[in-house]
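# Per-entry structural report
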Amino acid sequence: MTRKRISLKRLVTNVPALIGLLLVLLAVGSAVFAAHLAPHDPVAAELRLRLDPPGWDPASKAKYLLGADAVGRDMLTRIIYGSRISLMIGIASTAISMVLGVTLGLLSGYFGGWIESIVMRVADVQLAFPFILLALVIMAIFGGGLTKLILILGLTGWVSYARLVRSQVLSVRELDFVQAARSLGAKDLGIIWRHILPNVISSVIVLSTLQVATNILTEAGLTFLGLGVDPSIPSWGGMLADGRNYITNAWWVATFPGFAIMLTVLGVNLLGDWLRDELDPQLRV
Amino acid sequence: MFNRGIRMLGVAAVAMSLIVSGCSGNTSTPAPASSGATPSQPGAAAYKDKLVIGSALGDPQGSWDPIDTFVVAWGMVASNIFDGLVDRGTDLKIKPGLATEWKYTDDKTLEFKLRQGVKFHNGEPFNADSVVFTFDRLLGPEGEKSPQRSNYTSIDKVVKVDDYTVDFKLKETDPVLITKLAGYGGMIVPPKYIKEVGDAAFDVKPVGTGPYKVTAYTKDSQVVLEAYPDYWGEKAKTKNVVVRFIPEDATRIAEFQTGAIDIMQTVPVAQVKSLESDTNYKVIKVGGPGATALRFDVSKAPVDKLEVRQAIAYAIDTQTIIDTILGGNAKRISSFQGDISFGNNPSQQPFAYDPAKAKDLITKAGATGAKLDLFFSSKSTASKEIGQAIASYLKAVGLEVVLNPVDPQALSSQLIPQAKAGQMHLFGWGGWTLDFDNTAFLLYTKGQMWNPSFNDPKTNELLVKERGTNDQKVREQAFQELTARLRETMPDVPLYQSMAVWGTSAKVDGFTAPPDDRMRLSSVVVGK
Amino acid sequence: MGSYILKRLLHGAFVLLAISLVVFFALRLTGDPVMAIMGQGNPTQEAVDAMRRSLGLDLPLWKQLFKFLGDLAMGNLGTSFRNNQPVMPQIVERMPATLTLAGAGLFVSLLVAVPVGIISAVRRGGFLDIFGRIFALIGISFPNFFLGIMLMLVFAVKLRWLPASGYQGFKYLILPGLTLGLILSSIITRLIRSTMLDVLRAQYIQTARAKGLSERLVIFRHAFRNAMIPAVTFIGLQLGALLGGTVILEQVFSWPGVGRLALDAISNRDFPLVQGSVLILATVMVIVNLVVDLSYGFLDPRIKVGGKGA
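Residues numbered from 1 in each chain as written. Chains lettered and ligands numbered in written order. Predicted model: local features only at pLDDT ≥ 70, side-chain atom pairs only at ≥ 80, totals over all residues. Heavy atoms only, no water.

## A short note on the overall build of chain A
For the record, the criterion: Numbering of helices and strands runs from the N terminus, with a helix taken as a DSSP run of H or I at least four residues long and a strand as a DSSP run of E at least two residues long. Burial classes: relative accessible area under 20% of the type maximum marks a residue as buried, over 50% as exposed, and values in between as partly exposed (1.4 Å probe, protein chains only). Should any heavy atoms of two residues lie within 4.5 Å, those residues are counted as being in contact. Working definition of accessibility: Shrake-Rupley area with a 1.4 Å probe, residue cover restricted to the visible protein chains. A residue counts as positive if it is Lys or Arg and as negative if it is Asp or Glu; His and the chain ends are not included. Each charge is placed at NZ for Lys, CZ for Arg, CG for Asp and CD for Glu.
When helices and strands are tallied, chain A shows 12 helices and 0 strands. Of the regular secondary structure in chain A, the N- to C-terminal order runs α-α-α-α-α-α-α-α-α-α-α-α. Buried residues in chain A amount to 61% of all 285 residues. Across chain A, every contact between residues at least 6 apart in sequence was considered, and the portion connecting residues at least 24 apart equals 72%. Carbon together with sulfur atoms contributes 68% to the accessible area of chain A, which is approximately 11,300 Å² in total. Taken together, the 23 basic and 18 acidic charged side chains of chain A have centroids lying 5 Å from each other.

## A closer look at the sheet that holds strand β6 (residues 155–162) of chain B
Residues and elements named next belong to chain B. Definition in use: Strands pair, by our definition, only if DSSP identifies at least two bridges between them. Every axis in this analysis is a line fitted to C-alpha atoms, fitted for helices over the stretch in contact. Angles between the N-to-C directions lie between 0 and 180 degrees.
Spatially, 4 strands are ordered β4-β5-β7-β6 in an open sheet, and the strand pairing comes out antiparallel. One side of each edge strand has no neighbouring strand; the edge strands of this open sheet are β4 (99–106) and β6. Averaged over all pairs of adjacent strands, the angle between their axes in this sheet comes to 20°, without regard to strand direction. Note that β6 and strand β7 (residues 165–170) share 6 bridges and pair antiparallel. By the bridge assignment for β7, I155 is matched with L170. This element, helix α3 (residues 128–139), spans β5 (109–114), β6 and β7 of the sheet and lies at about 165° to β6.

## Comments concerning the domain arrangement of chain C
Often the size quoted for an interface is simply the accessible area lost on bringing the parts together. Residues and elements named next belong to chain C. Condition: Reported domain spans reflect what an automatic or database domain assignment gives. Here the buried area means the combined drop in accessible surface, using a 1.4 Å probe, for two parts upon being joined, counting both sides. Polar contacts, as used here, are pairs of N or O atoms within 3.5 Å; protein pairs need one atom able to donate a hydrogen and one able to accept it. Residues neighboring in sequence count only if both atoms are side-chain atoms. Residues were grouped as follows: Ala, Val, Leu, Ile, Met, Phe, Trp, Tyr, Cys and Pro as nonpolar; Asp, Glu, Lys and Arg as charged; and all remaining residues, including Gly, as polar.
The assigned domain composition of chain C is domain 1 (2–73) and domain 2 (94–299). Each of domain 1 and domain 2 has a C-alpha centre, and the two are 33 Å apart. A buried area of about 1,500 Å², summed over both sides, lies between domain 1 and domain 2, and 78% of it is on carbon and sulfur atoms. When the buried area of domain 1 at its contact with domain 2 is split by residue, R8, L16 and L27 rank highest and sum to 33% of it. Along the contact surface separating domain 1 from domain 2 lie 2 residue pairs in polar contact (both at pLDDT 80 or more). Looking at the side of domain 1 that touches domain 2, the elements with two or more residues in it are α1 (2–27), α2 (33–38) and α4 (61–73). Of the residues assigned to the side of domain 1 that touches domain 2, the class counts are 13 nonpolar, 4 polar and 2 charged.

## Things to note about the side chain of S83(A)
In this structure, S83(A) sits in helix α4 (residues 75–111). In contact with S83(A), not counting residues within four places along its chain, are A27(A), S30(A), A31(A), M88(A) and W236(A).

## Here's the deal with the interface of chain B and chain A
The following threshold applies: What makes a salt bridge here is a side-chain nitrogen of Lys or Arg within 4 Å of a carboxyl oxygen of Asp or Glu, nothing more.
Counting residues at the interface gives 23 residues for chain B, matched by 22 residues for chain A. Here chain B meets chain A over a buried area of about 1,900 Å², counting both sides, of which 50% is carbon and sulfur. The tally of links between chain B and chain A comes to 3 salt bridges. The shortest N-O distance in the salt bridge between R244(A) and E248(B) comes to 2.5 Å.

## Digging into the packing of helix α12 (residues 252–279) of chain A against helix α6 (residues 127–141) of chain C
Filter applied, for reference: Here roughly perpendicular refers to angles of 65 to 115 degrees, roughly parallel to angles under 35, roughly antiparallel to angles over 145, and oblique to all remaining angles. Note on convention: near helix rotated counterclockwise from far helix by under a right angle means a left-handed crossing. Clockwise means right-handed.
Closest axis-to-axis distance for the α12(A)/α6(C) pair is 9 Å, and the angle between their directions is 130°. The orientation of α12(A) with respect to α6(C), classified from their angle, is oblique. Crossing handedness for the pair α12(A) and α6(C): right-handed. On α6(C), the residues that touch I261(A), M262(A), V265(A), L266(A), N269(A), L270(A) and D273(A) of α12(A) are R133(C), I134(C), L137(C), I138(C), I140(C) and S141(C). Here the contact of α12(A) with α6(C) is built from residues that sort into 9 nonpolar, 2 polar and 2 charged.

## Re the nonpolar core
Our working rule: Buried Ala, Val, Leu, Ile, Met, Phe, Trp, Tyr and Cys residues that are joined via side-chain atoms within 4.5 Å together make up what is termed a nonpolar core.
In terms of nonpolar packing, the biggest core is built from 155 residues, with I19(C), F145(C) and M196(C) touching the most fellow members. When residues of this core are sorted by domain, at least three fall in each of domain 1 (2–73) and domain 2 (94–299) of chain C. With residues near it in sequence (within four places) discarded, M196(C) still touches I118(C), A121(C), I219(C), A223(C), F224(C) and A227(C). Counting residues in each nonpolar core, the second largest holds 74 residues, with V72(B), L114(B), V131(B) and W232(B) among its members.

## Let's talk about the packing of helix α5 (residues 113–128) of chain A against α1(C)
For the pair α5(A) and α1(C), the least separation of the axes is 9 Å and the interaxial angle reads 70°. Taken as axis vectors, α5(A) and α1(C) run roughly perpendicular relative to one another. Crossing handedness for the pair α5(A) and α1(C): right-handed. Note on element contacts: α1(C) touches α5(A) through H11(C), F14(C), V15(C), A18(C) and I19(C), opposite R121(A), D124(A), V125(A) and A128(A). When its residues are assigned to classes, the contact of α5(A) with α1(C) shows 6 nonpolar, 1 polar and 2 charged.

## Regarding the packing of aromatic side chains
Two descriptors summarise a pair of aromatic rings, namely the distance from one centre to the other and the angle between the planes of the rings. For clarity, the threshold we go by: Think of it this way: a Phe, Tyr or Trp ring, Trp meaning its six-membered ring, pairs with another when their centres are within 6.5 Å, and the plane angle makes it stacked under 30 degrees, edge-to-face over 60, tilted otherwise. Consider the ring centre and the ring normal. A charge sits over the ring if Lys NZ or Arg CZ is within 6 Å of that centre and within 35 degrees of that normal.
Using the criterion set out here, one finds 35 aromatic pairs over all chains in the structure. Ring centres of F82(B) and F202(B) lie 6.2 Å apart, and the angle between their planes is 65°; this geometry places the pair in the edge-to-face category. Here the residue F82(B) occupies a position in the loop between α2 (72–78) and β2 (86–88), and F202(B) occupies one in helix α6 (residues 199–204), the gap between them amounting to 120 residues. Ring plane angle 70° and centroid distance 6.4 Å describe the contact between F120(B) and F126(B), whose orientation is recorded as edge-to-face. This pair shows no difference in class: F120(B) is buried, exactly as F126(B) is. Aromatic ring contacts, followed pair by pair, group W74(B), F82(B), Y184(B), Y193(B) and F202(B) into a single cluster. The residue whose ring lies beneath R487(B) is F351(B), and the NZ or CZ to ring-centre distance is 4.3 Å. The ring of F24(C) carries the charged tip of R28(C) above its face, separated from the ring centre by 3.9 Å.

## Considerations on the interface of chain A and chain C
Facing the 45 residues of chain A at the interface are 49 residues of chain C. Approximately 4,200 Å² of surface area, both sides summed, lies buried where chain A meets chain C, with 77% of it carried by carbon and sulfur atoms. At the boundary of chain A and chain C, one finds 0 salt bridges. Counting only elements with at least two residues in the side of chain A that touches chain C, the list comes to α2 (15–32), α5, α6 (131–142), α10 (188–224), α11 (236–243) and α12 of chain A. Ranked by residues supplied to the side of chain A that touches chain C, first place goes to α12(A) with 12 residues. Looking at the side of chain A that touches chain C residue by residue, the classes come out as 31 nonpolar, 6 polar and 8 charged.

## Quick look at the environment of A210(C)
Tracing the backbone through its elements, the reader meets A210(C) in helix α9 (residues 203–210). Spatially, the C-alpha atoms of A210(C) and L29(C) are 65 Å apart, while their sequence positions differ by 181 residues.

## Considering the side chain of T69(B)
Residue and element names in this part refer to chain B. Tracing the backbone shows T69 in the loop between β1 (50–55) and α2. A relative accessible area of 1% means that T69 is categorised as buried. Once you skip the residues sitting within four places of it in the chain, T69 turns out to touch W74, P147, Q148 and Y184.

So this is what it looks like as structure tokens:
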């Protein structure tokens, strides 16, 4: 297995990947520059403007471009700020899973033995546990909130990393340069860090893009079940879940966050597909 | 509105409702209404033989046994399956049920004359043995698990006098008892059937004496009822009733708009206007005794200071919340009870919206910039929105609010009792007793589970006073003082009393929206 | 083979035991079920104690645990705190609804994913590939409840073609099945595409082509069959997500499956019912994964089950 490099030339000629990149940049851009882009306050309620229609509608009072939500806040502002929260949920939880999963995967793949047995057994248990129910029970114990949500998503998502990395380590471990390093007396942790990790990292990156997308969606699902975050914090999932009650008479409240999620997740996935094709076409995620 | 799913009849049943006191003597039996044309008979072809209802409350936790439950989801349906000795209908007045008359033969003996010729759905006759069995069961080992039992502990035992007469022997005088007997735990169950099939089977295949019998039940999906032809009272006009459990608002409204359900419980606020303007539907609003308040844990800074609590009351524009978030389907209150509740003082005014005054008070208390936690149910759209509105109102006067949406079950059974629900929480109260006693006792006396910290000697004293007597004048006087006292001491900010909003297809006739969610379906018909 | 199955069964038993322990302890941290059941009734302390005794919650934790595990060993999942009925039949009664929904979702997804995945792979980089992939991605880009509500609004409320919710027959299965299917199909499409791409590059396919076999025959006889092996494994692993997805869709479509049962049970603090539901769902997953492993032999006779690959 050799390291692959990403070719920017191939990116430019790959239409789906370009679309993906564009969508991701859009989301990241609005997250970074939210304070400059957003026309209004994302949190303060203005009940007078409850469910005010989008600006082009003659009935619109405030002329907010995308209308107002159930407590009268500008939808556009909420969606722009929402990119921050949703990307943070997606990325932070994925980072936790990644660090945990890659570490356990490396250790169990490299050392084998009891470490491997324990890690893989715990992974099996985790995989067989219905995730939503696990999340519900955990939330019933510790309550909801953004941090806890990220932790739950992060701490339950490590299994796919651990399995992936372990299986790759098993093949890398026997390669000549690793054996050579070992015979030269290199320390195990050094070998893992210097020789093995770089060889598995590309698959990990691919898996992570997909995980980010999945976690953004899962947050929406958990909010739907009533386990989400503070409703004044603008997360797309939360906005969508809370807006579903207004879908027939104030369609903009759910539809715009729905599109925001769709476009971002689509973008991340398209980019992830391309990365996979570039870095590790054998990877099945 | 907040505790929809867990609004408890238990609370209701503990009460002496004053509007019923006129009925508690000997009452003549109304002749069983023999309204001729039931749709199942020829000549009534104008009506459908099936009525479908969409319940917002969901499944009654899997059991139809009256003593297993105290959720309104049960009473909503089961009030058509079972009868008690007395009956509290949609007008909230007590009428004779399976008993035709009753009287106290002495201080601790209440005698009931039972209705004759009544049969359970399985053909088993109703008589004194059924009543004795029902209460032996409730007060015996089977009742140990019953959340209903504690409502009936004033009963020592029920004794059969003859086949159609029973005596309730009481441990202590209990002026509330008659009302309680219209509550869930007082529903009469069939002894032979239960002994035959066992308690577990009875849970899912209930048999009562009511106008409808259960023919099929799929948990979390639906329960199918069929008119009971031998019902003792007015026979049901529509032969088949299906009650579908659709707690998800978006789904329930979709079903309603496609015509798949004829009667819809709880029309979401956002849909009310569009349904009202559509002639295919009727929207019925009924003021219930349910009320909502912003409650404080007065042991926590900064709401341990009275000024801060007052400031919060002045800072919130409750009327605007009612007009917008609640679509006008609520009324302001000045104490934690509805206007039909005994003990309400109509001349007491709610706090005016006065943010400037609120700001002053907060500055005086030195609480500017203080952080407060607000807890509320994560499963209620209204409380999520009201919570956010309150946070914005308080921010405007210099208080930071952290919103904590939590599982409603955890909120009411753990967080509040353990004083872990922050400085403030939104709290809904059924108030089905229609008497302030129950509410005030449970919410304002020390040591009660939903009152972690408020303790005011004067309040306790007034409660002892109103409890100690049956003289309604004295009680009323005590309640007037109590509501004034609570306004001074402010353990909570009473916000509003809510209305239940029902939707029916325009073809539905004879449906009375129940203020307590206990539907009565006998007279309902659906046009073709 | 026999010893392999035995080993896997033991392994499955271990997984289930671990899950039972986790659920048992986690639930006991969620609060007092007695207060959840009786709280609003303003019970006396006596009544609370009586209830606690009758639910067996007055025993020390270790005794409760041993009783739970002992019962479990006898195949007894206990009695519901709420309706006093044995838990097992209640869950078994709900399994068909969940399995029907999951099965319908899987069916729809394969119907979409197999052709789209194959075409995408064969015409890699072409218009059909791009179109197919974006189409497939749309399904996974919406939260499932939102997709469900949208489909409901279109097909039930606007067009009146299908019932919005409920569980009374085939018509009722279409919308939830379609929702779940669309979501799964995007996952499976990607998978089939990538495995097909892999296989098409393989030596034996080149050989088959060189031998002059028709492209159609090469794709379907040789490539597709081999591409299915990883696909099947993956579907097995995705079962958790599949059943997880049904929990939310059961809520949206008022579908009386195990997911809703468990959801209600958690909110009612009905410990035995939660324990039972989780265990039974986990058992289904363990069994399916076992079947998946065993099915390798069927899909590719060269793989000896129980060998290194497993």
